[in-house]
Amino acid sequence: MTTFSTLALVSPESSSAIAYAEPTPVVAARRTLTPTLRIRPTKGWAALNLRELWSYRDLLWILVERNIKVIYKQTALGMTWVALQPLIAAVILAVIFGRVAKLPSDGVPYLLFVFCGLTAWRYFSETAQRSNNSLVNNAQLVSKVYFPRMLIPLSHTFSALVDFGVMLIMLFVIMAIYRVPPTLRLAAIPGFLFLTAMTATGVALWFSALSVKYRDCNYALPFFLQIWMYASAVVYPTSMIVSARWQTLFALNPVVGLVEGFRWSVLGRSALNPAMFWITVAMSVFALLSGAFFFRRVERTFADII
Amino acid sequence: MSELALSVTGLSKSFNIDHRRNGLPRYRTLHDDLLALPRRLLTTFSRNGRSTSEIFWALKDVSFEVKKGEVLGIIGANGAGKSTLLKILNRITEPTTGGADVYGRVGALLEVGTGFHPELTGRENIFLNGAILGMSRAEIRQKFDEIIAFAEIEKFLDTPVKRYSSGMYVRLAFAVAAHLEPEILLIDEVLSVGDAQFQKKSLAKMEEVAANDGRTVIFVSHSMSTVSRLCPRVIWLRGGEVAADGASSDVIQQYSNIGSVDQPRVSWPEGISNAGITELKVMSVGLLDKNRRQTADFDSSEPLSLEVSYTVFDPIPFCRIGFLLYALDGTPVFEIYDVDEDVDGGRREPGSYSLRCEVPGDLLKPGRYSVSLNAGMPGIKNLVRLDGALQFSVHDHALPGAAMNLPRVGVVQPKAKWASKTL
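Positions within a chain are numbered from 1, following the residues in the order the chain's sequence is written. Here chains are named by letter from A upward and ligands by number from 1 upward, in the order in which they appear as written. The model is predicted, so local features are restricted to residues of pLDDT at least 70 and side-chain atom pairs to those at 80 or more, both for listing and for counting; the totals for chains, interfaces and linings are taken over all residues.

**Let's talk about the overall build of chain A**
Helix numbering and strand numbering both begin at the N terminus, where a helix is a DSSP run of H or I of at least 4 residues and a strand a DSSP run of E of at least 2. Assigned secondary structure in chain A consists of 14 helices and one strand. Counting other C-beta atoms within 10 Å of a residue's C-beta gives its exposure: the residue is buried at 20 or more, exposed at 12 or fewer, and partly exposed in between, where C-beta atoms are placed from the backbone. Taking all 306 residues of chain A together, the buried fraction comes to 43%. Of the contacts made within chain A by residues no fewer than 6 positions apart, 80% connect residues no fewer than 24 positions apart. Contact between two residues is assigned when their C-beta atoms, built from the backbone, lie within 7 Å.

**Topic: the overall build of chain B**
Helix and strand content of chain B: eight helices and 18 strands. A buried classification covers 41% of the 423 residues belonging to chain B. Of the contacts made within chain B by residues no fewer than 6 positions apart, 71% connect residues no fewer than 24 positions apart.

**Quick notes on the nonpolar core**
As used here, a nonpolar core is made of buried Ala, Val, Leu, Ile, Met, Phe, Trp, Tyr and Cys residues. They are joined through C-beta atoms within 7 Å. If you look at the biggest cluster of nonpolar residues, it comprises 152 residues, and the most contacted ones within it are Val114(A), Val259(A), Leu186(B) and Phe219(B). Sorting elements by how many residues they give to this core places helix H9 (residues 189-213) of chain A first, with 14 residues. Not counting residues up to four positions away in its chain, the partners in contact with Val114(A) are Ala90(A), Leu93(A), Ala94(A), Gly98(A) and Val235(A). In this structure, Leu280(B), Val282(B), Tyr310(B) and Val371(B) belong to the second largest nonpolar core, which totals 30 residues.

**Overview of the environment of Phe295(A)**
In this structure, Phe295(A) sits in helix H13 (residues 274-298). Along the backbone, Phe295(A) and Ser208(A) are 87 residues apart, and their C-alpha atoms lie at a distance of 8.4 Å.

**Focus: helix H4 (residues 80-100) of chain A**
Given 3.6 residues to a turn, an α-helix orients residues that are three or four positions apart in the same direction. Residue and element names in this part refer to chain A. For a helix, the expected span equals 1.5 Å multiplied by the number of residues minus one. Counted at 1.5 Å a residue, the expected span for H4 with its 21 residues is 30 Å, and the 29 Å between its end C-alpha atoms agrees. Note on bend: the value at a residue is the angle between axes fitted to the seven residues ending there and to the seven starting there. At Ala-94, H4 shows its largest kink, close to 25 degrees. When we look at burial in H4, the residues that qualify are Val-82, Pro-86, Ala-90, Leu-93, Ala-94 and Gly-98. Buried residues along H4 sit against helix H5 (110-132) and helix H8 (151-177). The first or second residue beyond H4 is Lys-102, which carries a positive phi of 50 degrees.

**A short note on the packing of helix H12 (residues 254-267) of chain A against H13(A)**
All names here are of chain A. As a rule, the C-alpha atoms of each element are fitted with a line to give its axis, helices using only the stretch in contact, and angles between N-to-C directions run from 0 to 180 degrees. Relative orientation of the contacting elements H12 and H13 amounts to 125 degrees, with a least axis distance of 8 Å. With respect to each other, H12 and H13 are oriented oblique. As H12 packs across H13, the resulting crossing turns out to be left-handed. Here Pro-254, Gly-257 and Leu-258 of H12 come into contact with H13, specifically with Met-276, Phe-277, Ile-279, Thr-280, Met-283, Ser-284 and Ala-287. Residues are sorted three ways: Asp, Glu, Lys and Arg are charged, Ala, Val, Leu, Ile, Met, Phe, Trp, Tyr, Cys and Pro are nonpolar, and all the rest, Gly among them, are polar. By residue class, the composition of the contact of H12 with H13 is seven nonpolar, three polar and no charged. Roughly parallel means an angle under 35 degrees; roughly antiparallel means over 145; roughly perpendicular covers 65 to 115; every other angle is labelled oblique. Definitions for this section: a left-handed crossing has its near helix turned counterclockwise from the far helix by less than a right angle. A right-handed crossing has that turn clockwise.

**Quick word on the packing of H5(A) against helix H10 (residues 216-230) of chain A**
Residue and element names in this part refer to chain A. Running from N to C, H5 and H10 point in directions that differ by 170 degrees, and their axes come no closer than 10 Å. Here H5 is positioned roughly antiparallel relative to H10, judged by the angle of their axes. Across from Trp-121, Ser-125, Ala-128, Gln-129 and Asn-132 in H5, the residues of H10 making contact are Cys-217, Asn-218, Leu-221, Leu-225 and Met-229. Counted by class, the contact of H5 with H10 contains six nonpolar, four polar and no charged residues.

**Things to note about the sheet that holds strand S13 (residues 304-312) of chain B**
Residues and elements named next belong to chain B. Taken together, four strands build an open sheet; the order of strands is S10-S11-S13-S16 and the sheet is antiparallel. At either end of the open sheet lies a strand with only one pairing partner, and these are strand S10 (265-272) and strand S16 (351-359). Along the sheet, successive strands turn relative to each other by an average axial angle of 15 degrees, direction set aside. Of the pairings in the sheet, the one linking S10 to strand S11 (residues 280-288) comprises four bridges and is antiparallel in character. At least two DSSP bridges between two strands are required for those strands to pair.

Shown next, in the form of structure tokens:
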């Protein structure tokens, strides 16, 4: 409010340093250069523009760093929560489904069985859940600065890897406790992790883009994820479904193949078969591409409606 | 210097305003859209849709060119499209028609402190904010010392910014942004932050940026004195269109003269506020004489009243509402608020109110004035700012000593008490 008066008080001498440019509108300026940027209205589907995404990788890493630093700030237990959350979840599931409901677990101790599924599942659901609201939480950024908006949900795909890493270490500890010997199959984990990341990013892109327009997503997603978990063979083995044809159909849910893939790598026992595997790969690619193209299509309106 | 930095041709941007919502912004829910679907289909087929919504053109066919190294100012009233223009040039939002060609890397400073995270320390936020504004890590590291020296926050580098005072926060944010090195820099009103000393420093920094580095700068501001100081060329936007484009002194002169017709009252049936503000809207502002008649012509000896009616939608813990008076040449005369003497009156409960303030007679010098309205939560956010909302004239009261009525210097002309005695 005091702006006007204080600025007026500043002595005008130094302004003489400004080069005086031609004040009239320029029409005949040379146009020898090609523009570095053309701003035009766009319609329909847009290209993914991966090159631009790559040029903003520094920002991506800083956003990832921020996510990690901020998430458990001002909690007494801090990063301990990363380990505590899946452990508590696994123990509850083991008691209810392993002890009380006595669900089968392919002949593996139920806690190990369920923890193995949870490692894949939680990485998937944490990524989806954290990125869901990420654009709205960063409305300030989205409406005030330009950068590829995809970086915001994408940063959660990477920052959730920290949680995944902790779970993986815990999984190895549980394996040691139950004396399950590690095999060479463990080398497949990065591959399955990559597929999980693709699927999770795809879902995250869909939901984060939708929640800019429809805040309903905030409320719907937790239930949706809960239903999805029970539909994804996390607490029971896919082998519970007897017919092979139904198993293949079941794999259209890519998370089934991913959870089974983790079990195959860790426990060596799983219903995963080549048909199921390739369906999972196809569905993961589909999830990522559809999410990315949908996101690109709607992102141009984000700043106007957020 | 004749190389082109930016060329804007036929740029337009429209928004849909939905009248069903009574002018108040609302979030859309899936439920709403599903319910509206049958109606939407019907209206699409019967081709008489859009009955309840209206297209509002924030920018209409704007064209101009900017040469490399030029410093261009953009002025205009609230809602004239200045910020929309910058947002389009910065690719935050897309134009509806037309376009722009940009020759060089664009950097923007649309709001100070965008992307600061309260939980992170000053050091971490410098990197975060720098990256968001488009700097690489290496670039930030290289400028790091310069940034903290400029912001004067060395001691608090490892404190989370949520513990910063608002002054420190703003200084840090400006420091990061000022060290951006794009070829084309877009700036929106950011100089009006911080205390007077810091403003002076940031203004000097902006001048340095514009003068030394030959950078192209596009600068949006409400402060005519800043614009005329920084920018040799000015574009005036009115209702989304270019009203004037030329040397800053000419354009500012024209802009100040728009109120050549005195305006005793302006009202907004649906209310007006700054973008994104939903808690308070101003419905009208007006001028009244001592008999409560609307007028824009006052006798210098008589009191005049400024009146504002507003509606509060959500409770506001503290808000001040007041007026700024400027002489027509832009000289500020005064700034007064309703809470100046009654601090407890700052709390606003939902409802509609009318507020009147009487300016005593025998104070203003004869001449023409413009009134701006300001409502805000000091140090937190501004709610409504209406620049040049009203214009009025004060004419000479026929003084008994009329023979000596020559033009006088000064901003005010109070009636003083004179005493004289023979010694």
